[in-house]
Amino acid sequence: MSDVLQNIEVSTSDHPEIAVIVLHGLGADGNDFVPIVQELDLKGLPGIRFIFPHANTMPVSINGGYVMRAWYDIVHTDLGRQEDEKGLRASQQLVEALIAREKARGIPANRIVLAGFSQGCAMTLQTGLRHPEKLAGLLCLSGYVPLADKIAAERSEVSKQVPIFMAHGRMDPVVPVQRAIASRDLLLSLGYQVEWHEYPMPHSVCREEIVHMGAWLRKVLG
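Attention in this report is confined to the structure presented alongside it. Since the structure is predicted, the reported quantities are computational estimates derived from the model, not experimental observations. (Residues numbered from 1 in each chain as written. Predicted model: local features only at pLDDT ≥ 70, side-chain atom pairs only at ≥ 80, totals over all residues. Heavy atoms only, no water.)

Brief notes about the overall build of the chain
Okay, so step 1: Along the chain, the regular secondary structure elements total 6 helices and 9 strands.
Okay, so step 2: In terms of its C-alpha atoms, the chain occupies a principal-axis envelope of roughly 45 × 35 × 35 Å.
Okay, so step 3: Evaluated residue by residue, the chain yields a buried proportion of 53% over its 222 residues.
Okay, so step 4: For the chain, long-range pairs separated by at least 24 residues make up 74% of all intrachain contacts whose partners lie at least 6 apart in sequence.
Okay, so step 5: The distance from the centre of the 21 positive side-chain charges to the centre of the 25 negative ones in the chain is 3 Å. (Helix = DSSP H or I, 4+ residues; strand = E, 2+ residues; numbered from the N terminus. Buried < 20%, exposed > 50% of the residue type's maximum accessible area, 1.4 Å probe, protein only. Contact = heavy atoms within 4.5 Å. Lys, Arg positive; Asp, Glu negative; His and termini not counted. Charge placed at Lys NZ, Arg CZ, Asp CG, Glu CD.)

Here it is in C-alpha cells:
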C-alpha cells in the first residue's frame, strides 16, 4: 500500500494482536509520542503494534504560511471558524489507509485504537466517528471534534459503541478547555460513552494522564 504515510512502528511483541495508531500534533512528527510506549502500563495485554505516522507538510495560515507537518490548515485561533474541511477529509482518507493496512496485516478493526494529540486528536475523532466498523477505542488528547455541525449526520451507526477517552489541560492556551468540553458534551448528547479527564496543565501531556491512559487501554483492550 504505497499510499500509506511514512511512519514509525514500535511493537511490544513479535506477534502483535492489537494496533494503536497515534497521530501527532501540528508541527510535530511521529517521533513525538514514541517515548510514551515505555511509560504506559500495558501489563496483561497481548502484543501491541504502535504506529506513529508523519503527516504531510503544508503551509499553515495561522503560522504565516510556514510549511510544516500538519493534518489540515488552521486559519483562526478560534478553531471553529473557517475550518479546512478539504484538508480534514483528505487526511481522514490517509488515516483510513493506515487502518486498512493493519487489517491487511491481520488485526481486525475491533482491535485497533485511534489516538491523537491536538490536531491528531481532531483527526482521531474526524476518522473514528465515521469509520464503518467498530474500532477498539478513540484516545483523544488536548483536542476537539472538527466539523462539529456535520457529525450527527455523518457518523457511522456502529461508532456509538466505540469507547472514547478525552483528556485536556485546564490551562491550555492553544485549544481552550471550553472547546474540548463542548466537544465532550456534543458526543454525550449523541449517545457516546466518554471517559473525561482534566489536568492542571497547558497544551501538553502529564504523568497522571499517562497513568489514566494506560488504565483505559487495559480496560478496553483486556
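Still more to cover.
Overview of the nonpolar core
Among soluble globular proteins, nonpolar side chains are generally buried collectively.
Okay, so step 1: One finds Leu138, Ile164 and Leu187 to be the most contacted residues of the largest nonpolar core, which totals 43 residues.
Okay, so step 2: Put simply, the parts of the chain that give this core at least two residues each are strand S2 (18-23), helix H2 (85-104), strand S6 (112-117), helix H3 (119-128), strand S7 (137-141), strand S8 (164-169), helix H5 (177-189) and strand S9 (194-199).
Okay, so step 3: A per-element tally of this core places H2 first, with 5 residues.
Okay, so step 4: With sequence-adjacent residues up to four places away left out, leucine 138 is seen in contact with Leu114, Thr124, Leu125, Gly128, Leu129, Val162, Pro163, Ile164, Phe165 and Trp216.
Okay, so step 5: Membership of the second largest hydrophobic core comes to 29 residues, among which are Ile36, Val37, Ala115 and Ile210. (Core = buried A, V, L, I, M, F, W, Y, C linked by side-chain atoms within 4.5 Å.)

Some thoughts on the pairing of S9
Okay, so step 1: The pairing of S8 with S9 spans 6 bridges and is parallel. Its bridge partner being in S9, glycine 169 is matched across the sheet by tyrosine 199.
Okay, so step 2: Regarding the hand of the β-α-β motif, the stretch spanning S8, H5 and S9 is right-handed. (Pairing = 2+ DSSP bridges. Right-handed = clockwise from strand over helix to strand, strands pointing away.)

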